[in-house]
Structures are given as structure tokens and as C-alpha cells.
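# Secondary and tertiary structure notes
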Amino acid sequence: MKGNIIIKNASELVTCSGFQARKGPEMTNLHIIHDGSVVIEDGKISFAGRTSDLPDYHDPGRFDVIDAEGKAVLPGFVDSHTHFVFGGYRAEEFSWRLNGMSYMDIMARGGGIVSTVSATRKASLEELVDSGRKRLDSMLSFGVTTVEGKSGYGLDRDTEIRQLEAMAELDRTHPVDIVRTFLGAHAVPAECKGKTEEFLDFIQGTVLPEVAEKGLAEFCDIFCEKDVFSVEQSRRLLMRARELGFKLTLHADEIVQLGGAELAAELGAVSADHLLQASDHGIEELARAGVVATLLPLTAFSLKEPYARASAMIDKNCAVALATDLNPGSCFSESIPLLFALATLYMNLSVEEAVTALTINGAAALDRADSIGSVNVGKKGDVIVLEFPSYRFIPYHVGVNTVEKVIKAGNLVYDKLNGGNSIVK
Ligand code: NIG
Ligand code: FE
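Everything numeric here is computed off the predicted structure, so don't read it as measured data. (Residues numbered from 1 in each chain as written. Chains lettered and ligands numbered in written order. Predicted model: local features only at pLDDT ≥ 70, side-chain atom pairs only at ≥ 80, totals over all residues. Heavy atoms only, no water.)

The 8 strands lie next to each other as β6-β7-β8-β9-β10-β11-β12-β13, forming an open sheet whose pairing is parallel. Two strands close off the open sheet at either side, each with one partner strand: β6 (77-79) and β13 (320-322). Neighbour-to-neighbour, the strand axes of this sheet turn through a mean angle of 25 degrees, independent of strand direction. Here strand β7 (residues 144-150) pairs with strand β8 (residues 177-185) via 5 bridges, running parallel. (Pairing = 2+ DSSP bridges. Helix = DSSP H or I, 4+ residues; strand = E, 2+ residues; numbered from the N terminus. Axes fitted to C-alpha atoms, helices over the stretch in contact; angles between N-to-C directions.)

See the structure below:
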């Protein structure tokens, strides 16, 4: 594919300029260029500036041209925490929760994650790829150009590897880029009930090294939670993962304040995620160690739990990212519009902070701030065009998708004006 495109006359070119996570007060500055243009050549950004400074090209026929007059242009969104590859659904659990059962009650009764494990073990590679592709299409329509995806619904060797292979196949054949995370320690499977240590030995000693050897995942994650995996167990697995070359992330302080944030800081994790119950000390540690605090408001909303303390984190100079956590249980939603609504209306993030959290800080949460997450020369040509003249319309048009076009590596891959057709890369 060509990967050469000029997007010109944007009323606002929201660059989110930078090559590293934005911390604390830096999250407010979006580095906007009014009447801006972007040029993407061979899939990479070669110009970003005022339309009046657009270079003259000797061979303009090489480029597709999009006139973005009256429209805002932003970097593609980076959804840095999802579980989008899985078999089966758990719609009945939603009703159980409405009737007062908690997420952990359901898990204790053999529902929850292990119920998706049974369905995922039965799903073929092809079935996982097909359902994963539909979910990616939906995410793309919301302006997501890079997504993180976790295993963790196999909890055995074959299915964990099949989930990761499904994501590798989707990365090759779908426009959205996928960053793969091994989450073999997501729960203790039914056949290992009461044998958590033995199960962790198996994940750590058998599956993790094979995943490393085959290059199937870049990150290693664990569900560090009361009645799932302790801080001590999480430390043990993550230290081994680090030795094997994985980058680290963890589900930390989601339901109970265990000290997951402190552990993330101690181990130099790239991100710590959820953090609904993170302590003041944990937040200070994240800021000190430069761990991205990835917040997942759609999950808190779906579970009717209190939101993470985003403002306290920003006040303490953390870099905050936002992600959907799309999964079949706690949060079956890939809705970027709803995520923006919750982040701004209920977590008190400014619109600017929310945009930063889904672009350059999302990229930083995946250790990719050097190549995606902003409109800077040399970065991947991943940008979105809104239907409206300003980024301010994203949460203002509450719960409604404002994305008109998505450009991935310099190719138009989604166009609402063209029935949302997407082109496979
Ligand atoms: O991030 N908390 C653990 N894991 C997921 C939920 C997975 C599921 O319920 O299937 C989460 O919320
Ligand atoms: Fe999660």
C-alpha cells in the first residue's frame, strides 16, 4: 500500500507533540496548530505545521489529499489495556451484578474469568481471529490505531499460546497495530483450585519461557488482587518475566488496596493499571519511578466501583493514561466516546488531559512514545479527522462518535462518509 497522504486546512491540528510520557501539569498542553496540515510519506509523518508552510511537492500525484477544512485532526488513539481476544460472553453476569452480586462474589462461585476460560479453550484459532477482527473494526471506527491485547483466558499452555497467535495474525492482517501481553496469571483455573503456587510454577516455568522464546508477547501482566495473586506471588512471576526480557505491567489495586502500585514502582513496570484503591504512598511511588498510571473508568462504571483518583495522581506528577479494558466480564465496552465522558464528567480530568491520556500517554504505557501517540515528524502516520472543528467536541458530543476518518500509516482505513469502509493492510 502507498502510505502517502496530505491532510490539509485542519481548523485545529492537535499534535500532542512529544516523545515521552507527559506528567502532571504537562498533560494540559496539546500543542495545537491552527490551520494546520500533515504530510505522511511512506507511512511516516514528514511534515506537521501550518498550512501556509506546506512544502511544494514536485510530484503531487504521489499523494492522496484530504481537505480537513472545519475539522480537527489528532493523533490516532492508543488503547493500552484490553482483553479483546476471547470466546463466549457473560451477559448473565451483568444481570447478577444488577441484582447485587459483586464481581468477586461471582468469581468465588466459579463464574467470572474462569467461565470465559472454558469458552476460550473450546474456540479455534480461526474463531478467535474472526471475533477479534470484528472488535478491532469497531475500535478502529472510534479512532483507535494501536491496541494492547492480553492472553489470560486459557490458563493452560495451548490456549494461552493460541490467544497470542490470534493477535499476531490480526496484527498482520488488520490495520490496527496490536501490542501483545502475556497474562497467564489472570486467575487460578478450576483444575488448580487451592494450588495457586503450583499453578504459578507452571506458568512461570513452562509457559512464560515458551512465550519468550517464540517472541509471542512483549509485556507480561498479572492480576495482583486479594484472593487471586498476592504481591509476593506477583513479584516472583514478574521478576522472572523481566529476566526473560518482558516489559512489565500489572492489574494493581483494583478491588482491594494490596500495594500493587508500590510493586509496579519497585519493579520498574512500564504501567500500573486500574488503581481504583491505590494509596497516597502508592501514587507517589508511581510518580517517582515514572510508571504510567493507566486508568480504566469504563470498568469502574460497569462495576459501580468508585473511580480512580485521577486528579490526585496528576497533582502528584504522575503520567496518566486512559484505556477501555474491553473484556467479556467486568467491562464489555470499547467505547472511546463513553470513556471520554466518564473521564471528564466523573473523574474531573480536563478535556486536554483526557486527550493526552489517550494519545501520547497511551503510547508511553506501551513503551512506544518514540513512534506513535503524537503528530511529530518521523512518527508513524496514524491520525484521525473529526467531524467537528475542535477536539473539545469529543466529550461535549456526549457518548457519540465524533471520528470521521482514520488514517493508519498514511492510508485512509476508515471513512464514515464512505459507509465506514475499511481497507485491510
Ligand atoms: O481488567 N481484573 C481482571 N481482569 C479483567 C477482567 C476480566 C474478566 O472479567 O473477564 C479486568 O477487569
Ligand atoms: Fe484488565
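In this section: the packing of aromatic side chains. Scanning the model with the defined rule gives 10 aromatic pairs in all. Judged by centre distance (6.4 Å) and plane angle (75 degrees), the ring pair of F86 and Y153 falls under edge-to-face. Placement of F86 in the loop between β6 and α1 (91-98) and of Y153 in the loop between β7 and α5 (157-173) is noted, with a sequence separation of 67 residues between them. Each of the two residues, F86 as well as Y153, counts as buried. Over the ring of F19 we find K379, and its NZ or CZ is 4.9 Å from the ring centre. (Phe/Tyr/Trp six-rings, centres within 6.5 Å; stacked < 30°, edge-to-face > 60°. Buried < 20%, exposed > 50% of the residue type's maximum accessible area, 1.4 Å probe, protein only. Lys NZ or Arg CZ within 6 Å of the ring centre and 35° of its normal.)

So, on to the packing of helix α7 (residues 231-243) against helix α8 (residues 260-267). For any two helices packed against each other, one specifies the crossing angle of their axes together with the interaxial distance. Relative orientation of the contacting elements α7 and α8 amounts to 25 degrees, with a least axis distance of 11 Å. One finds that α7 runs roughly parallel with respect to α8. Between α7 and α8 lies a crossing of right-handed hand. In this structure, α7 contributes V231, S234, R235, L238, M239 and R242 to the contact, and α8 contributes L263, E266 and L267. Looking at the contact of α7 with α8, its residues break down into 5 nonpolar, 1 polar and 3 charged. (Parallel < 35°, antiparallel > 145°, perpendicular 65-115°, else oblique. Left-handed = near helix turned anticlockwise from the far one by under 90°. Contact = heavy atoms within 4.5 Å. Nonpolar A, V, L, I, M, F, W, Y, C, P; charged D, E, K, R; others polar.)

Under the counting rule described, the total for this entry stands at 0 disulfides. Here C16 is not cross-linked by a disulfide; its sulfur's nearest cysteine counterpart is in C318, at 19 Å. In this model C192 remains outside any disulfide bridge; the closest cysteine sulfur is found in C220, 17 Å from its own. (Disulfide = S-S within 2.5 Å.)

This part takes up the coordination of the iron ion (ligand 2). The protein atoms that coordinate the iron ion (ligand 2) are H81 (NE2), H83 (NE2), H251 (NE2) and D325 (OD), at distances of 2.1 to 2.4 Å. Each donor residue of the iron ion (ligand 2) lies on the same chain, and together they follow the pattern H-x1-H-x167-H-x73-D. Residue H251 is found in strand β10 (residues 247-252), and its partner D325 is found in the loop between β13 and α12 (336-345); the two are separated by 74 residues along the sequence. Exposure class is identical for H251 and D325. Each is buried. (Donors = N, O, S within 2.8 Å, 3.2 Å for Na, K, Ca; no water.)

Let's shift gears to the pattern of salt bridges. Overall, the coordinates contain 31 salt bridges when judged by the stated rule. One salt bridge in this structure joins E41 and R62, with 2.9 Å as the shortest N-O distance. Separated by 21 residues along the polypeptide, E41 in strand β2 (residues 32-41) and R62 in the loop between β3 (44-50) and β4 (64-67) bring together distant segments of the chain. When its relative accessible area of 22% is taken as the criterion, E41 is described as partly exposed. Linking K150 and E148 is a salt bridge whose minimum nitrogen-to-oxygen distance equals 2.8 Å. Note on K150: relative accessible area 1%, which makes it buried. Salt bridges sharing common partners tie together K71, E404, K405 and D415. (Salt bridge = Lys/Arg side-chain N within 4 Å of Asp/Glu carboxyl O.)

Right, let's get into the packing of α5 against helix α6 (residues 196-213). At a minimum axis distance of 11 Å, the contact between α5 and α6 shows a crossing angle of 35 degrees. The two elements α5 and α6 meet at a crossing, and its hand is right-handed. Counted together, R157, E160, I161 and L164 of α5 and F202, V207, E210 and V211 of α6 form the full contact between these two elements. Per-class residue counts for the contact of α5 with α6 are 5 nonpolar, no polar and 3 charged.

All quantities given are derived from atomic positions and should not be read as evidence of function.
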